[in-house]
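Spelled out from the first residue to the last, the chains are:
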Amino acid sequence: MLILTHGKWGTELIEAAEMVCGSLKNIFAFPLMPDQSLIEYVEPIEEILRNAPEGSIILVDLFGGTTSNIAALLSSKYNILAVTGLNIAMLITASEVRGKYGREEIWEKLLNSSINNYKNLTELLRNNLT
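Asks: I keep staring at the packing of aromatic side chains and nothing clicks. Help me out?
Replies: Between two aromatic rings, the relevant description is the distance of the centres plus the angle of the planes. Inspection of the entire model under this criterion finds zero aromatic pairs. It is Lys-109 that lies over the ring of Tyr-101; its NZ or CZ is 4.7 Å from the centre.

Asks: How should I be thinking about unusual backbone geometry in this particular structure?
Replies: Peptide bonds are, in most cases, trans, and in most cases residues other than glycine have a negative phi. A positive phi angle is found at Asn-26, which is not glycine, with a value near 55°. Among the secondary structure elements, Asn-26 is positioned in the loop between helix 1 (9–21) and strand 2 (28–32). You can call Asn-26 exposed: its relative accessible area is 57%.

Asks: Can you help me understand helix 2 (residues 38–51) in this one?
Replies: Side chains that are three or four residues apart share a direction in an α-helix, a result of its 3.6 residues per turn. Along its 14 residues, helix 2 runs 21 Å from first to last C-alpha, staying within 8% of the 20 Å computed at 1.5 Å per residue. In this structure, the buried side of helix 2 is in contact with strand 1 (2–6), strand 2, strand 3 (56–60), helix 3 (66–77) and strand 4 (80–84).

Asks: I keep staring at the sheet that holds strand 1 and nothing clicks. Help me out?
Replies: Taking strand neighbours across the sheet as the criterion, the four strands line up as 2-1-3-4 in an open arrangement whose pairing is parallel. The open sheet is flanked by strand 2 and strand 4, the only strands paired with a single partner. The mean angle between the axes of side-by-side strands here comes to 15°, regardless of whether they run parallel or antiparallel. Pairing of strand 3 with strand 4 involves five bridges; the strand directions are parallel. Residue pairing for strand 4: Val-60 is matched across the bridge by Thr-84.

Asks: Quick question: what am I supposed to make of helix 4 (residues 88–97) here?
Replies: For helix 4, the tally of buried residues reaches eight of ten residues, placing the bulk of the element in the interior. Turning to helix 4, its buried residues number three or more, namely Ala-89, Met-90, Leu-91, Ile-92, Thr-93, Ala-94, Ser-95 and Val-97. Considering only its buried residues, helix 4 is in contact with strand 1, helix 1, strand 3, strand 4 and helix 5 (103–116). The N-terminus of helix 4 is capped by Asn-87, whose side-chain oxygen sits 3.0 Å from the backbone nitrogen of Ala-89. Immediately beyond the C-terminal end of helix 4, within one or two residues, lies Gly-99, with a positive phi of roughly 80°.

Conventions used here
Residues numbered from 1 in each chain as written. Predicted model: local features only at pLDDT ≥ 70, side-chain atom pairs only at ≥ 80, totals over all residues. Heavy atoms only, no water. Phe/Tyr/Trp six-rings, centres within 6.5 Å; stacked < 30°, edge-to-face > 60°. Lys NZ or Arg CZ within 6 Å of the ring centre and 35° of its normal. Helix = DSSP H or I, 4+ residues; strand = E, 2+ residues; numbered from the N terminus. Buried < 20%, exposed > 50% of the residue type's maximum accessible area, 1.4 Å probe, protein only. Expected span 1.5 Å × (residues − 1). Contact = heavy atoms within 4.5 Å. Pairing = 2+ DSSP bridges. Axes fitted to C-alpha atoms, helices over the stretch in contact; angles between N-to-C directions. Polar contact = N/O pair within 3.5 Å; in protein donor to acceptor, adjacent residues only side chain to side chain.

In structure tokens, the structure reads:
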């Protein structure tokens, strides 16, 4: 699994997920830094993808940003699943389901984990107190 983010957020997110669920294996973070050229950014990603199993997953931070554009391009070249909207729930779920399900099932599980973690805490608290 590859994590593509603007800056070092992906590396920190992996560390945070490991605090919740323990060590995560075979996850590679690729922080896009302001001084990097696109070639410098893409080359190490492709190096991993050339040897990655079919159906590997790329999770990216922002739809329409450089990271998602690169993931989209790579998904046309390699047999991978590329998903935007990265959050900790998505990362943990992806770690749990990869290799167990097909592309469509993984997508559904990632989508559901993200949706189920969006809560209006203020409203929940307000409803439970009244």
